[in-house]
Amino acid sequence: MRIVLLGAPGAGKGTHCKRIADRYGVLHLSSGDILRRERAAGTELGRKAQGYMDAGALVPDELVGAVVAARLAEDEIRRRGCFLDGFPRTLVQARLFERLLAEAGLALDRVILMATDDVDRLIKRLTGRRVCGQCRAVCNLVYSPPRQPGRCDHCGGPLEQRGDDTEPTARERLRVYAEQTEPLVRFYEERGLLLRLDAAREGLELLSEVSLALGLS
Ligand SMILES: [Zn+2]
């Protein structure tokens, strides 16, 4: 079972899908994790990616796609299945990925979209995020407020707002999502792969809907 996750920043796809993945023993992988692992293993693809990262350059789509497709071909994924987060993000990447998977004799089983039109809610979520300056734990002033204002629940360290989580940056991230990633919704819909979930619903309801649609138990 190979599933791609789509959803606007702040829609909670990471949180929800991590819960589902944990419950059913499915792997939850981000393209960043996959690249880091490949680099640490010192494979040929990993070394190539490292070269771009060291130079402060973006790793080219073709290379990211090859690394991700190779990971998806591994026995562990065949056995456990995976949710893939963060790739593909653009139509170009989606087409490339489809070709690379086909070359490896693989295909995606589903694409889950955490859908929402509520931009205010997304902005609230994104700007409410705080990171602990000490242990890096993440909380949200709106959705998971700290017990003591300004202090981390885990270690008491100071909570900080990252530059990524200010309102102008949040709006820019949503704009980029709408421009680059939303076209993927139609792309996967045309292939009959899309499962659209309402991101505003409760965690448990989503959990049962996803497990039903994917035949998990
Ligand atoms: Zn902390």
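Residues numbered from 1 in each chain as written. Predicted model: local features only at pLDDT ≥ 70, side-chain atom pairs only at ≥ 80, totals over all residues. Heavy atoms only, no water.

A.B. asks: Explain the coordination of the zinc ion residue by residue, including any values.
C.D. replies: Protein-derived coordination of the zinc ion comes from Cys-132 (SG), Cys-135 (SG), Cys-152 (SG) and Cys-155 (SG), at a distance range of 2.3 Å. What the 4 donor atoms of the zinc ion show is an angle range of 100 to 116° at the metal, which sorts the shape as tetrahedral. Each donor residue of the zinc ion belongs to the same chain, with the gaps between them written as C-x2-C-x16-C-x2-C. The class of Cys-152 is buried, set by a relative accessible area of 7%. (Donors = N, O, S within 2.8 Å, 3.2 Å for Na, K, Ca; no water. Tetrahedral: all angles 85-135°; square planar, octahedral: opposite > 155°, others 65-115°. Buried < 20%, exposed > 50% of the residue type's maximum accessible area, 1.4 Å probe, protein only.)

A.B. asks: Help me get a handle on the confidence of the model for the chain, residues and values and all.
C.D. replies: When pLDDT is averaged along the chain, the result is 89; 99% of the residues meet or exceed 70. Mean pLDDT values over the elements of the chain span from 76, in helix H10 (residues 203-214), up to 96, in helix H9 (residues 183-190). (pLDDT = per-residue confidence, 0-100. Helix = DSSP H or I, 4+ residues; strand = E, 2+ residues; numbered from the N terminus.)

A.B. asks: Requested: an account of the sheet that holds strand E1 (residues 2-7), with residues and values cited.
C.D. replies: Strand order in the open sheet made by the 5 strands is E2-E3-E1-E4-E8, with parallel pairing throughout. Of all the strands in the sheet, just strand E2 (27-30) and strand E8 (194-198) have a single pairing partner and so form its edges. If you compare each strand with its neighbour and ignore which way they point, the axes differ by 25° on average. Relative to E8, strand E4 (residues 110-115) runs parallel, the two sharing 5 bridges. Across the sheet, Ile-112 pairs through a bridge with Leu-195, a residue of E8. (Pairing = 2+ DSSP bridges. Axes fitted to C-alpha atoms, helices over the stretch in contact; angles between N-to-C directions.)

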